[in-house]
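Chains, contacts and geometry: an overview
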Amino acid sequence: MASVSSQPQFRYTQPPSKVLHLRNLPWECTEEELIELGKPFGKVVNTKCNVGANKNQAFIEFADLNQAIAMISYYASSSEPAQIRGKTVYLQYSNRQEIVNNKTTADTAGNVLLVTIEGDEARQVSIEVLHLVFSAFGFVHKITTFEKTAGFQALIQFSDTETASSAKNALDSRSIPRYLLPEHVGPCSLRITYSAHTDLSVKFQSHRSRDYTNQYLPVAPSAIDATGQLSVGVDGKKMEPESNVLLASIENMQYAVTLDVLNTVFSAFGPVQKIAMFDKNGGLQALIQYPDVQTAVVAKEALEGHCIYDGGFCKLHLSYSRHVDLSIKVNNDRSRDYTVPIHGGMIQSSILGQQPPGGGPMQGGNAPPPYNGGQYPGPPPPSGGWAPPQHMHMQMPMQNYQYNMQPGHGATPPGPPGTMPPGPMHMQNPPGMPPYSQ
DNA sequence: AGCACA
């Protein structure tokens, strides 16, 4: 009934085609072997091997029909059959006129990378860690993560193809540094290809996706707990609730860390509203308040474990405070409310880089060693699997935010999303202030 | 030993 097909699936004499169908091939025969076989008769423009249930069929496409005819004719009258690896290969004209290329292996470079995180506990890799790793090559615009059959994957969006390529070249098939992973997590390696995407759609900041160009993007309801704070890690487990207030403790404080130094360091990520410094357990601690959680998250990510001064001095350890709004009673050298103008304009001048009283760390005879731009931040890389990018120093945002305290002006809002220049990030040391690095 | 892939 339904057997009245005008084109039977095959006949014993196919009309000529520049595509040849090959069968009885040795298992998993290579493209090269097919090209070798067809080359004497003409230009092989395409091949497809490992076709069929047994993967023992293949196609060869010639540039010209006459070349295909030449090959068929030759073997039709030859005493020696066509052979690959000593095995007789049967060939005939294909019933198709061209090989459709499903090979995506020649993936075209783009600004978005598809990253597969391989490893038994790949899901433990947080979006923050991915951000940190890929930020070494340039500003990361957006990240989305998802589960596919391939495993735990992420799409990482850069400004441009060049930046994405440099990240891909440096990181593909390498492992995430151990020190970036929780202690119990085993090795996680990265497989990177280009994605066809050019601009990811990120609706919310969540444990699965981030848009770093839009700090005011709403936080996903699923990532907010009863206290209104982000409390979910990428693996869904509870983590330290994020807060707009950071608690900084300073280790190895060889040089004075003043309110102004802290303000400068933390203002790089957004407007600092308030700072309170205090001594605890013989060390210095400070609470730094931002207007929003996202800014604090970015600052914490970028600064955690890094040193204010070169040489391992004044190493910062950051955690989220339980505070939401600091109560600053008095503006002095240990506490400051930058949102409340005071007479005399003292605050503005100090924000803009005035040296701390008594000489800043960069002044005097005991200035810290100069910033070493090429220095690698963080602990030494673990042996094997990881080449630190040349410019993987401090992760800095592309904009410096400062409150404009002049009368009649509100706080200076950050620039619109997408204004960040492409390319790797570089330290921007405020004038007069000490550089900071690992 | 007889025509794939999305």
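Computed from a predicted model, the values in this text were never measured in an experiment.

1. As for the pairing of strand 16 (residues 313-320)
- Here strand 12 (residues 245-251) runs beside strand 16; their pairing, made up of 6 bridges, is antiparallel. The residue of strand 16 that forms the bridge with Leu 246 is Tyr 320.
- In this sheet, strand 16 lies alongside strand 15 (residues 307-309) in antiparallel orientation, the contact comprising 2 bridges. Each bridged residue has a counterpart across the sheet, and for Cys 307 the counterpart in strand 16 is Lys 315.
- Hairpin geometry of strand 15 and strand 16 is characterised by an intervening segment of 3 residues between the two adjacent antiparallel strands and by a positive phi of about 90° at Gly 311.

2. Remarks on the protein's contact with DNA strand B
- Residues in contact with DNA strand B amount to 21 residues; listed here are only the nearest, Tyr 12, Arg 23, Gln 92, Ser 94 and Asn 95.
- Protein-adjacent atoms of DNA strand B, using a 4 Å cutoff, are sugar or phosphate at a proportion of 35%.
- At a separation of 3.0 Å, a base nitrogen of DNA strand B approaches a polar backbone atom of Tyr 93.
- At a separation of 3.2 Å, a base nitrogen of DNA strand B approaches a polar side-chain atom of Arg 96.
- Taken together, the elements giving at least two residues each to the surface near DNA strand B come down to strand 1 (19-23), strand 2 (44-51), strand 3 (57-62) and strand 6 (90-93).
- Residue composition of the surface near DNA strand B, grouped by class: 8 nonpolar, 8 polar and 5 charged.

What counts and how
- Residues numbered from 1 in each chain as written.
- Chains lettered and ligands numbered in written order.
- Predicted model: local features only at pLDDT ≥ 70, side-chain atom pairs only at ≥ 80, totals over all residues.
- Heavy atoms only, no water.
- Pairing = 2+ DSSP bridges.
- Helix = DSSP H or I, 4+ residues; strand = E, 2+ residues; numbered from the N terminus.
- Near = heavy atom within 4 Å.
- Polar contact = N/O pair within 3.5 Å; in protein donor to acceptor, adjacent residues only side chain to side chain.
- Nonpolar A, V, L, I, M, F, W, Y, C, P; charged D, E, K, R; others polar.

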